[in-house]
Amino acid sequence: MLVIVIILASGLLLGRLLRKTSIPKNIGIAVNITLMLLLFALGVSVGSNDEVLRNFPLIGLDALILSLAAILGSIICGRFVYNKFFRHKSNK
Amino acid sequence: MKQSLIYLLLFVVGILLAIFVVLPEFLVASSFSKWVLYLLILLIGIQLGSGKNLFKAAKAFGGKIVLVPIATIIGTFAAVSIVSIFLPHRSLTDCLSVGAGFAYYSLSSVLITEARGAELGALALIANIMREFCVLIFAPLMVKYFGKLAPINAGGATTLDVTLPVILKYSGQDFLVISAFHGMFLDMSVMLFVPLFLSL
């Protein structure tokens, strides 16, 4: 976690220093390509994880039910918070 | 949505290649995705740092940002408790400890494997990978139907790292500070709640 914060902070600083150049304007493409690479890398790490592959047929459904519940529960609760506390603020 | 399909495709191709093809060692090593992630975070930082002042956006939200991780925690535990009724072979505390992984699959699966064995540990691993993956693929739909906080709540402990890029893309760059704060808060919650539910 600390490593991520340091990298993000260095990026922010670097971006600040480079803001007069044309580099930041072209970085969107690099972000997209890296994000695609990350998805591929995550696929490779899931596909090479024996623990996941071996257990998936047995407990995949339980995992799906629990993860969908967790996602729906949290976004429904988050929507309530957004409507009640954030909506008018972020529209300003 | 087209972008999401490309992500999904790349993810599936990655899985299939890992299963059926012998990949070069550096791709399979777990540090590969970590370095890609670090590069991505650096690039995003540069992109954001060159733009408008981000802390101004955060200031407008003020102390209310603490409500976002609390909503994630309450919503997750409530929903997982409800569905545990439909999983009679799993106890409530087992389900809650899996839910308390908040998509932090590496840490939660290790903690759960040590306390309850490999089967529940593998469940935590797969369920929490699915949670992270859903955010990467369905973030645009979440924003559309549940508002801009939705991918942050769904992303759990990953909103500081893996899911940060898609959150900024679909919710907007104003959500950087909320997303980062949420990720740190949930990271610590995993370390608190997983052992707590395992001890009950």
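### What about the interface of chain A and chain B?
Tallying the contact residues gives 62 residues for chain A and 77 residues for chain B. Where the side of chain A that touches chain B is concerned, the elements lending two or more residues are helix H1 (2-18), helix H2 (23-47) and helix H3 (50-91) of chain A. Per-element accounting of the side of chain A that touches chain B gives the leading share, 29 residues, to H3 of chain A. In terms of residue class, the side of chain A that touches chain B is made up of 40 nonpolar, 16 polar and six charged.

### Structural notes on helix H5 (residues 67-84) of chain B
At 3.6 residues per turn, the α-helix brings residues three or four places apart onto the same side. Taking 1.5 Å per residue, 18 residues should reach 26 Å; H5 of chain B reaches 26 Å between its end C-alpha atoms and fits that length. Considered for burial, the residues of H5 of chain B that qualify are Val68, Pro69, Ala71, Thr72, Ile73, Gly75, Thr76, Phe77, Ala79, Val80 and Ser84 of chain B.

### With respect to the nonpolar core
Within the largest apolar cluster, 92 residues are counted, with the highest numbers of intra-cluster contacts made by Leu39 of chain A together with Ile126 and Ala139 of chain B. The element best represented in this core is helix H8 (residues 118-146) of chain B, accounting for 18 residues. In this structure, Ile126 of chain B is in contact with Val52, Asn55, Phe56, Ile59, Gly60 and Ala63 of chain A, ignoring residues within four places of it in sequence.

### So, helix H1 (residues 2-20) of chain B
Over its 19 residues, H1 of chain B extends 27 Å from the first C-alpha to the last, a length consistent with the 27 Å expected when each residue adds 1.5 Å. Inspection of H1 of chain B places Tyr7, Leu10, Phe11, Gly14, Ile15 and Ala18 of chain B among the buried residues, and these make up the whole buried set. The buried residues of H1 of chain B occupy an angular sector of 135° when projected down its axis, which confines them to one face. Opposite the buried face of H1 of chain B, at more than 90 degrees from it, the exposed residues are Lys2, Leu5, Ile19 and Phe20 of chain B. On its buried side, H1 of chain B packs onto H2 of chain A together with helix H2 (25-28) and H8 of chain B.

### Brief notes about the packing of helix H6 (residues 92-99) of chain B against helix H11 (residues 176-199) of chain B
Residues and elements named next belong to chain B. Contact geometry for H6 and H11: axes closest at 8 Å, N-to-C directions at 170°. Considered as vectors, H6 and H11 are oriented roughly antiparallel to each other. Contacts between H6 and H11 involve Thr93, Leu96 and Ser97 from the first element and Val194, Phe197 and Leu198 from the second. Considering only residue class, the contact of H6 with H11 consists of four nonpolar, two polar and no charged.

### Comments concerning the packing of H1 of chain A against helix H3 (residues 31-49) of chain B
It is at 6 Å that the axes of H1 of chain A and H3 of chain B come closest, and there the two elements cross at 40°. On the basis of the axis angle, H1 of chain A is oblique to H3 of chain B. Crossing angle aside, the handedness with which H1 of chain A passes H3 of chain B is right-handed. Counted together, Ile4, Ile7, Leu8, Ser10, Gly11, Leu12, Leu13, Leu14, Gly15, Arg16 and Leu18 of chain A of H1 of chain A and Tyr38, Ile41, Leu42, Leu43, Ile44, Gly45, Ile46, Gln47, Leu48 and Gly49 of chain B of H3 of chain B form the full contact between these two elements. Classifying every residue of the contact of H1 of chain A with H3 of chain B by side-chain character gives 14 nonpolar, six polar and one charged.

### Topic: the confidence of the model for chain B
Considering every residue of chain B, the mean pLDDT works out to 89; 96% of them sit at 70 or more. Note on the complex model: pTM 0.86, ipTM 0.88.

About the thresholds
- Here, residues in each chain are numbered from 1, in the same order as that chain's written sequence.
- Lettering for chains starts from A, numbering for ligands starts from 1, and both go in the order in which the items are written.
- Local features in this predicted model are restricted to residues whose pLDDT is 70 or higher, and side-chain atom pairs enter the listing and the counts only when it is 80 or higher, whereas totals over whole chains, interfaces and linings include all residues.
- Contact between two residues is assigned whenever their backbone-derived C-beta positions fall within 7 Å.
- Numbering of helices and strands starts at the N terminus; helices are DSSP runs of H or I of at least 4 residues and strands are runs of E of at least 2.
- Residue classes follow a fixed rule: Ala, Val, Leu, Ile, Met, Phe, Trp, Tyr, Cys and Pro count as nonpolar, while Asp, Glu, Lys and Arg count as charged, and any other residue, Gly among them, counts as polar.
- Any helix carries an expected span of 1.5 Å times its number of residues minus one.
- Three classes are used. A residue is buried when 20 or more other C-beta atoms lie within 10 Å of its own, exposed when 12 or fewer do, and partly exposed in between, with C-beta atoms placed from the backbone.
- Working definition: the nonpolar core is a set of buried Ala, Val, Leu, Ile, Met, Phe, Trp, Tyr and Cys residues, joined through C-beta atoms within 7 Å.
- The directions considered for the arc are those from the helix axis to the C-beta atoms.
- Structural elements are reduced to axes, namely lines fitted to C-alpha atoms, with helices fitted over the stretch in contact, and the angle between N-to-C directions of any two is expressed from 0 to 180 degrees.
- Each angle gets one of four labels, with under 35 degrees taken as roughly parallel, over 145 as roughly antiparallel, 65 to 115 as roughly perpendicular, and the rest as oblique.
- Handedness of a crossing is defined here by the sense of rotation of the near helix relative to the far one, left-handed for an anticlockwise turn of less than a right angle and right-handed for a clockwise turn.
- Along the chain, pLDDT gives the predictor's confidence residue by residue, from 0 to 100.

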